[in-house]
Amino acid sequence: MLIQAASVAPSSHLACMRMVRWAVWNPDLEATDGRVTLPLQGGTGPNPSRCLVYKVPPDSRSSEEVKQAEAGTVQFRFSLNPEELLETPKQRAEGPLAEQPCRKPPQSPSGPSAPAPQGLTATQDSPRGPGLSLSQLAASPPSPAQRHSATEDFSLEGRISHLEANLSRTPAVLEASVAEHLQELPFTPLHAPIVAGTQSRSSGGQLSRATMAVLQSSGFPEILDACKQPVETVSPAQPIQFNPQKEESDHLQSNEVVLHFLAFSRVAQDYRGTPWPKTVYFTFQFYRFPPATTPRLQLVQLDRAAQPGCGSLSHLLAPISKDGSFDAGSPGLQLRYTVGPEFLKPGEQRWFLRYLSAQTLQIDVWDGDSLLLVGSAAVPMKHLLRQGRPAVQVAHELEVVATEYEQDTTALSGAMSGFGSVKPIGVDMVVKGRLHLTLANVGHACEQRTTESCSLPPPRSRVISNDGAGRFPGGSLLTRGGLRWRNVVQAQRLADVDSELAAMLLTPAPGGRGPWSSGHEVDAVRRRKLERMRSVRLQESGAEPVSRRTAVLAQQSVRMQHSRDLQVIDAYRERTKAESIANVLSLAITTQHTLYATLGTAEFFEFALKNPHNTQHTVSIEIDNPELSLILDSQEWRHFKDAASLHTPLEEDMFHLRGDLAPQLYLRPRETTHVPFKYQSFSMGPLEPAQAFADLSTEKGREAGAPRKSSAVPTKHAKVLFRASGGKPLAVLCLTVEPQPHVVDQVFRFYHPELTFLKKAIRLPPWHMLPGAPLGRPGEEPAVHVRCSDPNVICEAQSVGPGEPRDVFLKVASGRSPEIKDFFVIVYADRWLAEPVQTWQVCLHSLQRVDVSCIAGQMTRLSLVLRGTQTVRKVRAFASHPQELKTDPAGDFLLPPHGVQDLHVGVQPRRAGSRFVHLNLVDVDFHQLVACWLLCLSCRQPLISKAFEITVAVGEGKGANKRVTYTNPYPTWKAYRLHSDRPDLLQFREDTFQVGGGETYTIGLRFLPGGRPGQEEVLIYVNDHEDKNEETFCVKITYQ
C-alpha cells in the first residue's frame, strides 16, 4: 500500500498536486486490527510514483531518531470489524472539529508558527499549505450533526488536528466572505459642492443720477403706457407689498412686459490690458415663453468727457444692421412679451403673479465674436407688479458675474459670502461688467374679457364625468370625431375615404372626388386628349374596323375591372363592417378630456365611473400610457384632494392588485365611484439651445423686438379602458395632453471633456429661502426628492443628517465635442412629487480636453490639429484668457475643406494651480462654432530666488516707484522679458531689456495704490527671449 502526503496549490479547484512525502505499508494478513506508525520518505531517491518529492532536512549531524522526527511519520489505525470501520471515518473527520474552538487560530506563514503536536515537529519546517487534506478534497464537508457526534478518545486525531481543522474552516470563511455584504460607511463627498443660487446672486443697484442723465441724452426710446403717456418709474430699493386681490381686480388684465437692454460697462477694478468684447448678445427665458436669444449688439464706447465717473457707464448697446454696420443714434434693444387671457390657461394668472413676486430672471451675456460666455446676471421681477397702476418701470444696474469651476479638491470647508449664503468651494466668481437694464410692465384692457379666464377653476373641474357619453350620436361608420349639425352625413365613395381600399382597386377614381381629385382630373384630361388623337389618326389611315375592334376589347376590359372592383369592395365591406360598427358604438361610452401639463407637475383628476347594469362587476382598468397612472395609496389621494380643495368621497383599499396585471375595481349595480388618476411627465421634446453655439447669422434679418420662438411640443394622447368581468368595455376615457412650457428657476452651465462623466454636487440653499417651500414647524425640514428629465442622467438627493446641508448629486455622460446636452432637474418638497419647488436647467458643453503641465510665468508651447469641414471657412481662434494664451495664427485665416492644419498655442499662466482655459475656433463670417477645446492647466510655482518687502499707501495716491537690480550670469549679451502675476498692482518701466555678459541692469517698478488695507504678494518673472523663466522675485506689499 502506497501512502502519499500531497500539497495542494491555494486554489478552489484541484488544479495541481505536488508530492511532499511518501511511505509504504505492507499489512500483515493475519492481523485483524492495530495501530501503524510509518516513517515518511523524501528526497531525490526513487519512489513508486516516479514523481519529484521535496527533499528531507540535511542529516549530517543528526541521529536516526532525529532524522526520523524531522522527516515525519504517519500514524493510523486499521480494523477488519465492520462496526469499527463505520465509526472510524466519522471519528477521524470529526475529531479535529471538536477540538477547534479551544485551539488558537492559525497564524500566517510569515509569522511564528504554533507549537506542533507530538510526533509531528518535523512537518513545521516544510512550507504550510492552506490546510487541505486528501479526505476533504475527496469528500464533502461534514454536517453539523456529525460534528456533535465526534469523540475525543482517539489520541491520534489530536496529532493531525491542525491540518484538517485549518482546512475545515477555510471553506466556511470563504463562503461567509461571499455571502456577507460590506458595511457602508457614512457618505462624505470629496468633491466640492456648488451652492444653488450663487450663480444668480449678482448684486445690483440703483442707477446714479449722472448715469441716468447720460442714458437719457443718448437717444434711447421712451417706454409709453396704453394712453401714450410716460410710464411711472419705481426705485429698485423700494419695498414691494404684494396684494393678489388688487392684481386680480385690476381692469387691465393684459400685461405687456418690456425688457430694454441699454448698456454694458466694464468694472473699475478691471485691468486696463484685459480685452473687452466688441459685440455681445443675451440669452434668457421669461416665464413659459421659449428660450430667447437676442441679436448681436455692438458695444459703442462713450467719450471720456461724457462719462460721469470712474467705473460707471462706459459702453452703449447698438443694433447691428445686415451689412455689419451699426447706428449709434438709435441705441438699445427692446423685447416685449404679452401675457394676457389669450395666453394664460384658466386659473394661471395667479401663478404668473406669484412668479413675478418671487422669481429672478437669469440673463447670460455672451461674446458675439468668440461665442464665449462672459458672465451671468440676475434681476428680481417683483417690481413688475403694477398693483392697480396702469404701467410701471424700473431701471437696474446689474453685476455680470463669471463663474469658473475649478478642479475638484478634497477641501470640505466654505467661507461666508453674505447674509444667509455660503461661498461654494472650487468656484471662483469674478465680476466682468455691469449691465444696465430697464424692466417695464404696461397694462392693457382685454378685448374679450372673460371672468373664468381670470379666476381659478372651480373644484368640480377636477372631476371628469361620462354622463354625456351615454347616448349614441349616430353618423357615418367611416368619418367620425367631428361635430355634425342635425346628424346629417353626406354619402361618399369608399375609395375616397379609405386609402387602403383605393390602392386595391383597378378602376381609377373619377375626377373631383377624394383628396387626390386634382391629380386624377389632370390624368383624365390627358387620357381623353390622347384617345381623340388616336381616333383621328386611325380615321386618316383607314383602319376604322381595327379601331372598332379595339374599342370593343377596351370596353370588355373595363367591365372586367369594374366587376373585380365590386367584388373587392364587397369583401372589404364584409371584413370591416363589424369593426366599424363596434368603433362607432364605442363612442357612446367614450369620454374626451384635455389636460394642460407642465414638466414635473402632477395633474390630478378623478373619473366618475358608473356601472350602467343591474349586476355587479369587477372592472379591470387598462392604461396605455406610462405617464398616466392610478393613485393607489389613500394618503396620496388625500394629499391631492386637499391641494385641489376637492370634497369627493375617499375610500381605503379601493383597488385589488394582482402583480403585473391590471388593477381591478368592484362596482355594485348602478353604482358611481370616483377613480383617482394623475398625469406626470418628466420627458421633454427636442430643446432649442439658447446659447452661444447657435447660428447667429440668421438673427440679422430678424426683427429686434421679437424673441426667437421654438418649435411646438407635440401633443400626447392617453387612453384608459374600463373592462367589465366578461371582457366587454364598460367605459373609455381618451385624454389629449397639451404640454405647456415650464418655468426655469436657475441655469447651470458646465464645460467638461468629451466622452467622460461629469460628477457634480449642487448644494441646496436653506429651506426657508426656496420659493414655494411649504411652511413647517421650527427646525423641521421636509424630505427632498429630485427627478431628471433625461433617464440617462443619474440624479439623487442625499442628506447627511438633521440640520446638515442637502446636496443634489449629478452624474452625466458627456458626448462628443462640440455637443451640448440639456436636461432639467426638478426638486420636490413632498413625498408624492406633486408640485416642484425648483426647476433647474443644466447645460453640459462637451469639449476636447488637452492636459497641459506648465510653470507659472513661463511659456509652454503645443499644437492642436484643425480639420476642415465641407467648404472653405474663414476662421479665428479665441481664448477665454487671452492674456495667458496666445495662438498662431493670431488673426483670421482660411481653413481649407477636408484639410488638416496645425494651430500653435502658447500657454503662459500667471499664477500656480489647476484651472481651465477655453479655446474656440469660430467662423467669422457666419458666427458659427467650428471647434472648441478645454485646456486643463496644471501649473506649478517656479523657484523664488529673491524676496522683497514694501509698504504702499491706500487711497488715490501716486503709489510708489522702486528699483531692483538684475545681473546677467551669462558671458554674452542676453535679451530678457518681464512679467508679473498681478499687473493690476505692479507695472514695469520697460517690459523688455538687454544686458551684456556679467553686467547689471536696474529694473524700474511702479506699485499702484491699493484699494483697502492688507497684504499682497506679487511675483516678478524674469524670462529669456523665448519666455523661459530665468529667475523669480517675490515682493510682499503691505497696504496701510
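Quick caveat: nothing in here was measured; it's all calculated off a predicted structure. (Residues numbered from 1 in each chain as written. Predicted model: local features only at pLDDT ≥ 70, side-chain atom pairs only at ≥ 80, totals over all residues. Heavy atoms only, no water.)

### What to know about helix α6 (residues 209-217)
Going by this rule: Buried residues are those whose accessible area, probed at 1.4 Å on protein chains only, stays under 20% of the maximum for their type, while exposed residues exceed 50% and partly exposed ones sit between those limits. Where helices and strands are cited, they refer to DSSP runs of H or I of at least four residues and of E of at least two residues respectively, numbered from the N terminus. Directions from the helix axis toward the C-beta atoms define the arc.
Thr211, Val214 and Leu215 are the residues of α6 that are buried. Relative to the axis of α6, the buried residues are bounded by an arc of 100° and lie together on one face. For α6, the exposed residues set more than 90 degrees away from the buried face come down to Arg209, Gln216 and Ser217. Directly beyond the C-terminal end of α6, a positive phi value near 90° is found at Gly219.

### Focus on the environment of Glu1026
With respect to the helices, strands and loops of the structure, Glu1026 is situated in the loop between β49 (1014-1023) and β50 (1029-1039). With 49 residues separating them in the primary sequence, Glu1026 and Arg977 have C-alpha atoms 8.8 Å apart.

### Re the side chain of His927
Where we set the bar: Residues adjacent in sequence count toward polar contacts only when both atoms are side-chain atoms; beyond that, a polar contact is any pair of N or O atoms within 3.5 Å, and within protein one must be able to donate a hydrogen and the other to accept it.
Among the structural elements, His927 can be located in the loop between β41 (913-923) and β42 (928-940). In terms of polar contacts, His927 uses its side chain to reach the side chain of Arg296, at 3.1 Å.

### Quick notes on the sheet that holds strand β44 (residues 960-967)
By definition, the strands of a sheet pair up through backbone hydrogen bonds, in either a parallel or an antiparallel sense. Under the convention used in this document: The pairing criterion for strands is at least two bridges between them, as found by DSSP. Under this scheme, a helix contributes an axis fitted over its contacting stretch, all axes are lines through C-alpha atoms, and angles between N-to-C directions fall in the 0 to 180 degree range.
Pairing is antiparallel in the open sheet, where three strands are placed in the order β44-β48-β46. Only two strands of the sheet have a single neighbouring strand rather than two, namely β44 and β46 (986-988). Across the sheet, the mean angle from the axis of one strand to that of its neighbour is 35°, orientation sign disregarded.

### Section: the side chain of Ser634
Worth spelling out the cut-off: Working rule for contacts: check all heavy atoms of both residues, and any pair within 4.5 Å makes them a contact.
If you trace the backbone, Ser634 turns up in helix α13 (residues 634-644). Under the relative-accessibility criterion, Ser634 is labelled buried at 13%. Each residue touching Ser634, except ones within four places of it in the same chain, is listed here: Leu650, Glu651 and Glu652.

### With respect to the pairing of strand β36 (residues 860-867)
Side-chain alternation along β36 places Thr860, Leu862, Leu864 and Leu866 on a buried face and Arg861, Ser863, Val865 and Arg867 on a face that remains uncovered. As paired elements, β36 and strand β40 (residues 900-907) share eight bridges and run antiparallel to each other. Looking across to β40, one finds that Arg861 is bridged to Gly906.

### A closer look at the confidence of the model for the protein
To keep it simple, the criterion reads: Known as pLDDT, the predictor's per-residue confidence is scaled from 0 to 100.
Scored by pLDDT, the protein comes out at a mean of 74, with 69% of its residues at no less than 70. Strand β24 (residues 628-630) holds the highest mean pLDDT among the elements of the protein, 93, whereas helix α3 (residues 134-138) holds the lowest, 35. Note on residues 449-460: pLDDT is under 50 here. Beyond four places in sequence and across chains, it has 21 contacts. Contacts for the low-pLDDT stretch residues 480-485, under 50 throughout, to residues beyond four places or in other chains number seven contacts.

### Quick notes on α13
Within the sequence span of α13, burial applies to Ser634, Glu636, Trp637, Phe640, Lys641 and Ala644. Axial view of α13: buried residues confined to an arc of 160°, hence all on one face. Relative to its buried face, α13 has exposed residues pointing more than 90 degrees away, namely Asp642 and Ala643. The backbone nitrogen of Gln635 lies 2.9 Å from a side-chain oxygen of the residue at the head of α13, namely Asp633. In the segment just after α13, Ser645 is the residue with positive phi, at about 55°.

### As for the pattern of salt bridges
Operational definition: Salt bridge, as used here, is a side-chain nitrogen of Lys or Arg placed within 4 Å of a carboxyl oxygen of Asp or Glu.
Going through the model one piece at a time under the given rule, you end up with 24 salt bridges. With a shortest N-O distance of 3.6 Å, Arg434 and Glu399 are connected by a salt bridge. Placement of Arg434 in strand β19 (residues 427-444) and of Glu399 in strand β16 (residues 391-405) is noted, with a sequence separation of 35 residues between them. Here Arg638 ties to Glu652 by a salt bridge, and the two come within 3.6 Å at their closest N and O atoms. Within this pair, whereas Arg638 is found in helix α13, its partner Glu652 is found in the loop between α13 and β25 (664-667), the two being separated by 14 residues in sequence. Note on Arg638: relative accessible area 35%, which makes it partly exposed. By relative accessible area, Glu652 is classed as partly exposed at 49%. Counted as one network, the salt bridges with shared partners bring together Glu397, Glu399 and Arg434.

### Describing the pairing of β41
Counting buried residues along β41, eight of its 11 residues qualify, which places the element largely inside the surrounding structure. As paired strands, strand β37 (residues 873-879) and β41 are joined by five bridges and run antiparallel to one another. In the strand pairing of β41, Phe878 is matched with Asn920. Pairing geometry for β41 and β42, over 11 bridges, is antiparallel. The residue bridging Gly913 from the neighbouring strand is Cys939, located in β42. What sits between β41 and β42 in their antiparallel hairpin is a turn of four residues, with His927 showing a positive phi close to 55°.

### Quick word on the nonpolar core
The test is simple: Buried Ala, Val, Leu, Ile, Met, Phe, Trp, Tyr and Cys residues form a nonpolar core when they are joined through side-chain atoms within 4.5 Å.
In this structure, Phe261, Phe264, Phe282, Phe284, Phe286 and Phe352 are the most contacted members of the largest nonpolar core, which totals 40 residues. In this view, Phe282 contacts Phe261, Ala292, Thr293, Thr294, Leu297, Leu317, Ile363, Asp364, Val365 and Leu435; residues no more than four positions away in its chain are not counted.

### Some points on the packing of aromatic side chains
So the rule is basically this: Pairing of aromatic rings covers Phe, Tyr and Trp, the last through its six-membered ring, and needs centres within 6.5 Å; plane angles under 30 degrees mean stacked, over 60 mean edge-to-face, and all others mean tilted. Charge-over-ring contacts are defined here by two conditions on Lys NZ or Arg CZ: a distance within 6 Å of the ring centre and an angle within 35 degrees of the ring normal.
In this structure the tally under the stated criterion is 27 aromatic pairs. Relative to Phe343, the ring of Phe289 lies with its centre 4.6 Å away and its plane at 0°, an arrangement referred to as stacked. Of this pair, Phe289 sits in the loop between β9 (279-284) and β10 (292-293) while Phe343 sits in the loop between β13 (333-339) and α8 (349-358); the two residues are 54 residues apart in sequence, bridging distant segments of the chain. Taken together, Phe261, Phe282, Phe284, Phe286, Tyr287, Phe289, Tyr337, Phe343, Phe352 and Tyr355 form an aromatic cluster joined through their ring pairs. Taking NZ or CZ as reference, Lys811 lies 5.0 Å from the ring centre of Phe757, over its face. Above the plane of the ring of Tyr970 lies Lys974, whose end atom (NZ or CZ) is 4.8 Å from the centre.

### Here's the deal with unusual backbone geometry
Peptide bonds are trans in most cases, and residues, glycine excluded, mostly fall at negative phi. Following Ser817, the chain continues to Pro818 via a peptide bond in cis, the omega torsion being 0°. Relative to the helices and strands, Pro818 is located in the loop between β33 (806-813) and β34 (820-828). Between Asp888 and Pro889 the backbone carries a cis peptide bond, its omega angle lying at 5°. Mapped onto the secondary structure, Pro889 falls in the loop between β38 (885-888) and β39 (893-895). Located in the positive-phi region is Lys228, a residue other than glycine, with phi close to 60°. If you trace the backbone, Lys228 turns up in the loop between α6 and β7 (232-234). By relative accessible area, which is 64% here, Lys228 ends up exposed. Look at Leu371: it is not a glycine, yet its phi comes out positive at around 60°. Mapped onto the secondary structure, Leu371 falls in the loop between β14 (360-367) and β15 (373-380). Its relative accessible area of 1% is what places Leu371 among the buried residues.

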